[in-house]
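# Structural description and commentary
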Amino acid sequence: EVIIGVALLFYVAKRVFIQRLEQASLVLRQAVLENNTLPNPDSCTKIPTESRYYHPVLDLLIYVCMGIGLFLLIGNLLYAVWPLSKTSQAVRDGEDIVISSEIHLNATGVAVRKGEECAIRFTEDAPIWHDATQEATPMQGWEKSPPQYIDIMHRLWGRVPEQPLFRLAGIIDGPCPDKAKRCPAVIKLASTVTDKKEMTFTAQTSGDLFLFANDLPFMYWNNCGRVKVQVKCCPVQTNCHTDSTAMPVAQH
């Protein structure tokens, strides 16, 4: 917004200044050629001129600034006002929790406590979901590196910009310090070295666990696909990693 305002002011000021300068120079030249005395400066505005001055580089710079400002304005507005879809209860398939890439906040039915070590295990052999036509995995995100413009948008408006696009992400929805409202805290999911179907995190706060595909909040409409997970949480300094067998879903 600031960029747009500055660019517009600069553009208008530049046009007014150049037009006044052109008119004054024409009046001065006419007076010299006719060997007349210089007219009152106020009369300069009354003398028409067809001459126009353009500086292509400066004009291009102004238009680029205005375009960037408009791009940021639209993105910020969408980021601020776009409603987030949320499931109130976990969607289950037997013992598995179903995480939809089309939902902003998928409830897991898991309440975690601060300091607990939690493991999220994918129960399918090769979980895949899609960001429009781009294939992605919940462990790594996009299979290919996203184009530069998408990467910039993700860094500006991604829900978890420090994590890869379309990778599994999550929050713990717990009470604020004053307990007057809820304060969601992003969890730092890490892939385990020994098991490519498991991700772990340490709870930095207490609350309800929600999982989602890491995308721009206003771009979930073109997402497709679901993955199935199971969640296990253990106290600190306890081996919470899972094995290949089914594991119980954490409930507190």
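Residues numbered from 1 in each chain as written. Predicted model: local features only at pLDDT ≥ 70, side-chain atom pairs only at ≥ 80, totals over all residues. Heavy atoms only, no water.

## Section: the side chain of glutamine 163
Note on placement: glutamine 163 falls in the loop between α3 (148-157) and β8 (168-175). Glutamine 163 has contacts with His154, Leu168, Ala169, Ile187, Lys188, Leu189 and Asn214, leaving out every residue within four places of it along the chain. (Helix = DSSP H or I, 4+ residues; strand = E, 2+ residues; numbered from the N terminus. Contact = heavy atoms within 4.5 Å.)

## With respect to the nonpolar core
Ranked by size, the top nonpolar core spans 32 residues in total, and within it Ile99, Ile120, Trp129, Leu168, Phe201, Leu209 and Leu211 carry the most contacts. Within the residue set of this core, elements represented by two or more residues are β2 (96-100), β3 (106-112), β4 (117-122), α3, β8, β11 (198-202), β12 (207-213) and β14 (226-234). The element that contributes the greatest number of residues to this core is β14, accounting for four residues. Excluding anything up to four places from it in sequence, leucine 209 contacts Asn106, Ala107, Thr108, Val110, Ile171, Ile172, Ile187, Phe201 and Val231. Membership of the second largest hydrophobic core comes to eight residues, among which are Val160, Ala169, Phe212 and Tyr220. (Core = buried A, V, L, I, M, F, W, Y, C linked by side-chain atoms within 4.5 Å. Buried < 20%, exposed > 50% of the residue type's maximum accessible area, 1.4 Å probe, protein only.)

## A look at the state of the cysteines
Applying the stated criterion to the full structure yields two disulfides. Cysteine 118 shares a disulfide with cysteine 233; S-S distance 2.1 Å. One quick way to see it: the torsion about the S-S bond of cysteine 118 and cysteine 233 is about 110°, and its sign makes the bridge right-handed. Of this pair, cysteine 118 sits in strand β4 while cysteine 233 sits in strand β14, placing them 115 residues apart in sequence. Cysteine 233 carries the same exposure label as cysteine 118, and that label is buried. Here cysteine 176 connects covalently by a disulfide to cysteine 183, the sulfurs 1.7 Å from one another. Judged by the sign of its S-S torsion, about 95°, the cystine formed by cysteine 176 and cysteine 183 is right-handed. On the basis of relative accessibility, which here comes to 31%, the residue cysteine 183 falls in the partly exposed class. (Disulfide = S-S within 2.5 Å.)

## A short note on unusual backbone geometry
Its identity is not glycine, yet alanine 132 carries a phi of approximately 60°, on the positive side. Mapped onto the secondary structure, alanine 132 falls in the loop between β5 (129-131) and β6 (134-137). For alanine 132, a relative accessible area of 39% gives the class partly exposed.

## Points about the pairing of β8
Burial analysis of β8 places seven of its eight residues in the buried class, which makes it a mostly covered element. As defined by bridge partners, β8 adjoins β12 across six bridges and the pair is classed as antiparallel. When the sheet's bridge partners are listed, aspartate 173 is paired in β12 with aspartate 208. In this sheet, strand β9 (residues 182-186) lies alongside β8 in antiparallel orientation, the contact comprising five bridges. Of the residues in β9, the one forming a bridge with proline 175 is arginine 182. (Pairing = 2+ DSSP bridges.)

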